[in-house]
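Results of the structural survey
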Amino acid sequence: MSDNDAFCVLPFIEFNLNASGAVQPCCAFGRSISKDGRSMSVYESSVEEIWNSDDLRETRRKLIAGEVEPGCKYCARMAEQKLRPLSLDANEMWANNVVYNPARETIDQLKARAIANDYRMGSGGIMLNLDVGSLCNLKCRMCHAKFSSMIANDPVHSKWSFVHEAVARWRANKLSVLPRRVLGVTYEGIGALDRSKYPPAKPGAL
């Protein structure tokens, strides 16, 4: 992945909020914005504090410098497989004013503005993506606590995956969209697991 391909405009303009109150700079970002090793939450910090937090500013710095940002591994994998990364689509939409870009800034101008302001950007982002939870019947096996407040609050279903983990998980170049196996949970129908290939999980394991 080249330095140009590694850059993405989204951490400079987008604010993704999920049901837990955690924030990511884009829907595919592999982790939540953190402080002192703990995910920041709009229930505990202001939007401004998260938007210009040390963590998100460091992410912006890395993208401008062409350094590896672990949270961007989804797009990195797409590029490695000769697929078009989401970051390139986002960059083109910004450059072509498909997303809100009233000043008609170029990517280079956006980078220069970020550098001049110590990687702080205007208040709260330009694009808001709100995953604020839903009412559900706890039946969708591809869903988990990040997208459903019902699952997040259910003592059994909340164990399907970590609250801040993306739905899609990569393991040895294979994509998994189902919950990790949990002892006592039976998987049937579409996506049923071959038990000979997956030994039972230990109690309490995710």
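In the block above lies the structure referred to throughout.
Residues numbered from 1 in each chain as written. Predicted model: local features only at pLDDT ≥ 70, side-chain atom pairs only at ≥ 80, totals over all residues. Heavy atoms only, no water.

As for its placement among the helices and strands, Arg57 is situated in helix α4 (residues 54–65). For the pair Arg57 and Asp118, spaced 61 residues apart in the sequence, the C-alpha separation amounts to 7.7 Å. For Arg57, the residues in contact, after removing those within four places along its chain, are Asn52, Asp118, Tyr119 and Arg120. (Helix = DSSP H or I, 4+ residues; strand = E, 2+ residues; numbered from the N terminus. Contact = heavy atoms within 4.5 Å.)

Right, let's get into the packing of aromatic side chains. Within this structure, the stated rule accounts for two aromatic pairs. Arranged with centres 5.3 Å apart and planes meeting at 40 degrees, the rings of Phe7 and Phe12 form a pair that is tilted. Phe12 carries the same exposure label as Phe7, and that label is buried. Lying across the ring of Trp51, Arg60 places its NZ or CZ 4.5 Å from the centre. The aromatic ring of Phe7 is capped on one face by Lys111, whose charged end is 4.6 Å from the ring centroid. (Phe/Tyr/Trp six-rings, centres within 6.5 Å; stacked < 30°, edge-to-face > 60°. Buried < 20%, exposed > 50% of the residue type's maximum accessible area, 1.4 Å probe, protein only. Lys NZ or Arg CZ within 6 Å of the ring centre and 35° of its normal.)

Another aspect to go through is the sheet that holds strand β1 (residues 14–17). In sheet architecture, strand pairing relies on hydrogen bonds along the backbone and comes in two forms, parallel and antiparallel. Ordered by their spatial adjacency, three strands build an open sheet running β2-β1-β5, and the pairing between neighbours is mixed. Each edge of the sheet is formed by a strand with only one pairing partner; in this case those strands are β2 (23–24) and β5 (127–130). Sheet analysis places β1 next to β2, joined by two bridges and oriented antiparallel. Counted as the bridge partner of Leu17 is Val23 from β2. (Pairing = 2+ DSSP bridges.)

Our focus in this paragraph is the pattern of salt bridges. Considering all chains together, one arrives at twelve salt bridges under this definition. Of the charged contacts in the structure, one is a salt bridge between Glu105 and Arg113, with a shortest N-O distance of 2.8 Å. Given the relative accessible area of 12%, Glu105 is considered buried. Judged by its relative accessible area of 31%, Arg113 falls in the partly exposed class. We note a salt bridge from Arg120 to Asp118, for which the minimum N-O separation is 3.4 Å. Assessed through its relative accessible area of 39%, Arg120 is described here as partly exposed. Ionic contacts of the salt-bridge type, sharing partners, join the residues Arg31, Asp55, Lys62 and Glu69 into one network. (Salt bridge = Lys/Arg side-chain N within 4 Å of Asp/Glu carboxyl O.)

Okay, the environment of Glu58 next. Within the fold, Glu58 resides in helix α4. According to the relative accessible area criterion, Glu58 is partly exposed, its value standing at 32%. Taking the C-alpha atoms as reference points, Glu58 and Arg120, 62 residues apart in sequence, are found 9.9 Å from one another.

Turning next to the environment of Ile13. Mapped onto the elements of the fold, Ile13 is located in helix α2 (residues 10–13). Of the residues examined, Ile13 reaches a relative accessible area of 2% and is grouped as buried. Distance from Ile13 to Tyr100, taken between C-alpha atoms, is 9.1 Å for residues 87 residues apart in sequence.

Before going further, it helps to spend a moment on unusual backbone geometry. Backbone geometry places Asp36, a non-glycine residue, at a positive phi of 55 degrees. Structurally, Asp36 is set in the loop between β3 (34–35) and β4 (38–39). Unusually for a residue other than glycine, Asp118 sits at a positive phi of about 55 degrees.

We now examine helix α5 (residues 73–80). By the burial criterion, the buried members of α5 are Cys75, Met78 and Ala79. Considered in projection along α5, the buried side chains sweep an arc of 100 degrees and stay on one side of the axis. The inward-facing, buried residues of α5 abut α6 (86–95). Phi for Lys82, located one or two positions after α5, is positive at around 65 degrees. (Arc of directions from axis to C-beta.)

So, on to the nonpolar core. Ranked by internal contacts, the top residues of the largest apolar core, which has 27 residues, are Phe7, Val9, Leu10, Phe12, Ile13 and Trp94. For this core, the secondary-structure elements that each account for two or more residues are α2, β1, α3 (47–51), α4, α6 and α7 (107–116). Excluding anything up to four places from it in sequence, Phe12 contacts Phe7, Trp51, Arg60, Leu63, Ile64, Leu110, Ala114 and Met121. (Core = buried A, V, L, I, M, F, W, Y, C linked by side-chain atoms within 4.5 Å.)

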